[in-house]
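Spelled out from the first residue to the last, the chains are:
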Amino acid sequence: MRFPVLIVALLGICSFVHSQYYTSGEDPASIRWRQIATPHFTVVFPSEMEADARRLAVVLDGIRGVNRFSANHVPAHFQVLMHGRSAYANGFVAWAPRRMELYPTGGTGQISVDWLEQLGMHEYRHVVQIDRMNQGFTRFLYYGFGQQAAGGMLGLHLPMWFLEGDATLAETLHSESGRGRMPWFEQRLRAQVTDLGIYSYDKAYFGSYRHFVPNYYEMGYHLVAGVRGQYGTSVWTQVVDGVARNSWWPFQFSRQLRQQTGRSKTRLYRSVFDSLAVQWHRLDTLVQPTPAERVSPGASFYRSYLFPQWMPDGSFIAEVTGPSDEGRFVRVDAQGHSSSLLIPGVRTAEPFSVAANRMVWSEYRVHPRWGNAQNSIVRMLNLSSLEAWTLSPSRGKYFTPALSPDGRQVAWVCVSDSNRCAVELFDVAGRRVTATFPLGRQMPLSMAWCDTGHELAAVVLTEQGKQLSLLNVASGQWRTLLHPVRHEIRHLHVGNGRVYFSTTVQGQEEICSVALRDSVPVIWQHTRSRFGASAPCTMGDTLVYNLYTATGQQVVRTHTGQSVASPEMFQSIALHEPLLRQEPGVPAFDYSLDTTYISKPYCKWNLLNVHSWAPALVNTDEARVSRGVSVMSQNLLSTFTVTAGYNGDRNYQSEKYNLLLSWRGWLPVLSLDVKGGDKDIDMEGYYTSSGKVYYLSAHASQNIIQLKPGVSLPLDLSSGAWYRRLEPSARFTFYKSEGYQYVRTDGEVVNNRFVPGDTYTVSQPDYLFQGLEFDVYAHHLRRGSSRDVATRWGQMVQFNHRVNTGGSIDRGAQTALFTRLYLPGIGRHHAIRLENSFQYKSMGDTYLNGIYRQAYSYSSIVSMPRGFATSNAERLYSFKGDYQLPLCYPDVSLGGISYVKRLRANLFYDYSHARRELQEAASGEMQQLANDYHSLGYELRADMHLFRFIYPVNIGYRQAWLPQSGNWFGEVLFGVSIP
């Protein structure tokens, strides 16, 4: 039992270390911050977002009462930070320090409820979950570890499927919408279970490299809702309470589930999904699918062809995604042959638009310095020349572009920094915005031009739900086609005088349409499907759309004139329906009360926020834990972090006192690393040197201080298919150790006895070192697929220069250049890695070492071949070649001990050439030494999850043959991947 407990303890330490200083980036330094403080929370926001901050305060106060009932818990006061300059739609809750961070720009993937309401309900549930952990033994840990105790125990015990599934269920039950009501949220699991069967618990939770597996949000929602439906409202609160009170013992989550339900989590998973499978199979037998012809290429593995756009020559354009694909636009001809058009930048699941031999789409574009100022831009591609360019400004939030039929205008949605929306018309030839139609808080989520080019159809998210409207671009007048609904409407297309769209029909997503000119709109349903139909496109009397299958979104076609009757019975199991009776109802948010919240300035110089501490020295930069004490601070804006501590390890006496500061609020990042201590000097005994014998006696304390101020400029230059980074940095080192005195007695040995002679005191002078280090790092890496064992195309380069600027001893200088080239291997997911490194040392002062005089120098930063120790050579060249490949994807579980996802191998060859000079002390003659070092061998690694812990590990073995000596070298490999 000891080994599992030790491994779990190690992974628990990973949770604690990962909880330190988690940050998604920084906001622009120019932002003026304000705050709304209430007894229950404090919202901090950019000044231009005050209206939305007040709405958020109303939401948080409203759902507080609902969670008091359903979760039987009200969390303590917490802080909320709104990142208003980012186009990224998300949110998260972190616990060291305790805070909620929200990205209030919703994007086009929103469901039929206000984004701030959905975001507030989901993330507030996470606050409740983590705050609930602060009881029992976990509460006891708080006194020793601070806020990181609850976060660490939650990460160690509660699986992510529960955390996200419970929060998704909360957003579904506490609103009239929520992802649990959306048919596409059930779609992927339903298809997998119906056609491929139920995967094992480990495979469903941790995923697979061999098969596509829906994410743990989908798994978690169905499992949490299913268990709650069987065992009542309080089952999960009792489980969390039991885990928190007994978190000292591993595997508490499964143990508490067994106490509440009589089943372990794996058996409970199987029970719930067996029940779901029966219901889904029953519904499947009742479906009579619409006859349709598949036109996308067939594949035995999971691959989706998204948002098909039919072309006059019988081909179609789609976006291909899947575990083996990096995400790209392709053109598939009438014979089913696919050709790649472009790899776009990182995108959400948003349709693109094609017209007049051009296509437009939106993609994210990072800010070079501010991680929380992500942009969304609109780009255009010429389908003949494959030339691509950016239409929108590079700074801003632009979504859902629609290209006019003649290709001369692009309509897009622009969201301001104050989170207000407008439809803009952009003239492609003139490269300017020609018209703007403000919509305030109402956001168009999908747009499509009418055939005449005079009107624009749009799905607009209003406070009442999603509404289908028509904009006359000449007059600026809007006309309602379909009144607001809470179910899904998305993926617009206009053709044949009708607006086609994907919508919810009896719990299933299907293709429907409505006439543009009917005085009383009549909805036609065009498809019936097993798992869902979406993304319609017409060309004449042909209707092309996405049909979901267990192997991905496929492209099929049928006739536009075909209309089917709506099914009489509901086509979804609707897990949330019976649970609504367990809730007090949907909270009514009275936004007229937002004026009651008082807003005042928030000072960005609120720097200190001590959140955690530990009876150990935790060095997050060096991933080292030593005996001692540490205190950690991080301010709300994540611009200033502090770690201070005392190291009680006698091996680190010179680093007893530690202080690490980091300021990230400006373009350059400033840091200061301070270490100090008093090293004990204890020498007592007889020594011999050059035939002389003497006795030394020293008992002193040597004070040591080390200062390392630094500055860097981390720049993220990623765009399109490439991840790019450039980071120049500089650091100054000041090191001083005080001198000390010792007593030396010279003498001689007579008859094996030491006869003392003169005795005198020797003073050891202060030692002082000052040095500068300059470093430039850059990489240019192509985005790959999830199955790639490594980057398959890219370059990395790092230049480093160190120079001694003063002090007692001159250590000379050192210059190094490191390069790495990634190339694709023979197989699809194979990768070649070639490293070339060069190092040159300019030696400093010399000292006598035996018969040679050796020089002081910097330690090498270029590594030797695997199997060799480091070299102190003045000139060093090193080459490393690796061929990495996957061997198999076993997806094998060994009980609750391990789940092995992939076995992979690496074949390597390393070579180094080292040259150095040595000077004979007696003659002064210089000797030139040159050595070659070779090693070649293999590595075998297994990618796995241990003890059902969320962070994957890799365990392996390396064996190398050293040709010069004819020896074999072997070592065990172990790594933990912490995102």
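- Going by an unreviewed UniProt entry, the protein carries the name WD40 repeat protein and comes from Breznakibacter xylanolyticus.

## Here we look at the side chain of Thr542
Then comes step 1: Residue position: Thr542 is located in strand β28 (residues 542-549).
Then comes step 2: Those residues within four positions of Thr542 in sequence are excluded, and the remaining contacts are Cys537, Arg557, Thr558 and Thr560.

## A short note on the domain arrangement of the protein
Then comes step 1: If you check the domain split of the protein, you get domain 1 (113-286) and domain 2 (784-978).
Then comes step 2: Put simply, the middle of domain 1 and the middle of domain 2, counted by C-alpha atoms, are 42 Å apart.
Then comes step 3: Contacts between the two partners involve 17 residues from domain 1 and, on the opposite side, 15 residues from domain 2.
Then comes step 4: Interface area, domain 1 with domain 2, both sides summed: about 1500 Å², of which 59% is carbon and sulfur.

## Structural notes on the sheet that holds β28
Then comes step 1: Taken in spatial order, the 4 strands make up an open sheet running β6-β29-β28-β27, and their pairing is antiparallel. Both edges of this open sheet fall to β6 (293-294) and β27 (533-539), since each of them pairs with a single strand only.
Then comes step 2: Direction of pairing for β6 relative to strand β29 (residues 552-559): antiparallel, over a ladder of 2 bridges. Looking across to β29, one finds that Glu293 is bridged to Arg557.

## Details of the packing of aromatic side chains
Then comes step 1: Here the structure, examined in full by the defined rule, presents 51 aromatic pairs.
Then comes step 2: Where Phe640 meets Trp663, the ring centres are 6.4 Å apart and the plane angle is 55°; that geometry is what we call tilted. Taken as a pair, Phe640 in strand β33 (residues 640-647) and Trp663 in strand β34 (residues 657-663) lie far apart in primary sequence, 23 residues in all.
Then comes step 3: With a relative accessible area of 14%, Phe640 lands in the buried category.
Then comes step 4: The exposure class assigned to Trp663 is buried, which follows from its relative accessible area of 9%.
Then comes step 5: Aromatic pair Tyr735 and Tyr767: ring centres 6.0 Å apart, planes at 65°, arrangement edge-to-face.

## Considering empty space enclosed by the protein
Then comes step 1: Within the structure shown, the criterion is met by 6 cavities of 30 Å³ or more.
Then comes step 2: Of the volumes computed, that of the largest cavity is approximately 130 Å³.
Then comes step 3: Those elements that place two or more of their residues in the lining of the largest cavity are α3 (115-132), α6 (160-173), α9 (216-231) and α10 (235-245).
Then comes step 4: For the lining of the largest cavity, the element with the most residues is α3, which contributes 4 residues.
Then comes step 5: Counted by class, the lining of the largest cavity contains 7 nonpolar, 4 polar and 4 charged residues.

## Structural notes on unusual backbone geometry
Then comes step 1: Of note, the bond from Ala96 into Pro97 is cis; its omega dihedral lies within 30 degrees of zero at 5°.
Then comes step 2: With respect to the element layout, Pro97 can be found in the loop between β4 (90-95) and β5 (98-103).
Then comes step 3: At Ser638, a position not held by glycine, the phi torsion is positive, near 60°.
Then comes step 4: By the secondary structure assignment, Ser638 is in the loop between β32 (624-634) and β33.
Then comes step 5: Positive phi, close to 55°, is recorded for Arg948, a residue that is not glycine.
Then comes step 6: You can see Arg948 is positioned in the loop between β50 (926-946) and β51 (953-962).
Then comes step 7: Residue Arg948 is classed as partly exposed on the basis of its relative accessible area, which comes to 23%.

## Concerning the pattern of salt bridges
Then comes step 1: For the structure shown, the criterion picks out 55 salt bridges.
Then comes step 2: Here Asp131 and Arg98 are joined by a salt bridge, their closest N and O atoms 2.9 Å apart. Of this pair, Asp131 sits in helix α3 while Arg98 sits in strand β5; the two residues are 33 residues apart in sequence, bridging distant segments of the chain.
Then comes step 3: The class for Asp131 is buried, based on a relative accessible area of 10%.
Then comes step 4: Here Arg530 makes a salt bridge to Asp195, at a shortest N to O gap of 2.7 Å. In this pair, Arg530 sits in the loop between β26 (524-525) and β27 while Asp195 sits in helix α7 (residues 183-196), placing the two residues 335 residues apart along the sequence.
Then comes step 5: Judged by relative accessible area, Asp195 falls into the partly exposed class, the value being 37%.

Thresholds applied
Here the residue numbering is sequential within each chain, running from 1 through the sequence in written order. Predicted model: local features are reported for residues with pLDDT of at least 70 only, side-chain atom pairs are reported and counted for 80 or more only, and whole-chain, interface and lining totals are derived from all residues. Computation of side-chain values covers all heavy atoms of the structure but excludes hydrogens and water. Only DSSP runs of H or I with at least four residues qualify as helices, and only runs of E with at least two residues qualify as strands; both kinds are numbered from the N terminus onward. Whether two residues touch is decided by their heavy atoms; if any such pair falls within 4.5 Å, the residues are in contact. Throughout the structure description, domain borders are defined by an automatic or database domain assignment. What counts as buried area is the accessible surface, traced by a 1.4 Å probe, that two parts surrender upon association, with contributions from both included. The pairing criterion is simple: DSSP has to find at least two bridges between the two strands. Ring pairs shown here join Phe, Tyr and Trp side chains whose ring centres sit within 6.5 Å, with only the six-membered ring taken for Trp; geometry is labelled stacked below 30 degrees between planes, edge-to-face above 60, and tilted in between. Working definition: with a 1.4 Å probe on protein chains only, accessible area under 20% of the residue-type maximum means buried, over 50% means exposed, and in between means partly exposed. Each cavity reported here is a set of points on a 1 Å grid over the protein atoms alone in which a 1.4 Å probe fits but cannot get out, each pocket an open set with protein on both sides within 12 Å along at least five of seven lines, and each lining residue one with an atom within 4 Å of a point. Grid points are joined across faces, edges and corners, and a volume is the space filled by probe spheres set on the points. Polar here means any residue other than Ala, Val, Leu, Ile, Met, Phe, Trp, Tyr, Cys and Pro, which are nonpolar, and Asp, Glu, Lys and Arg, which are charged; Gly is therefore polar. Each reported salt bridge corresponds to a side-chain nitrogen of Lys or Arg within 4 Å of a carboxyl oxygen of Asp or Glu.

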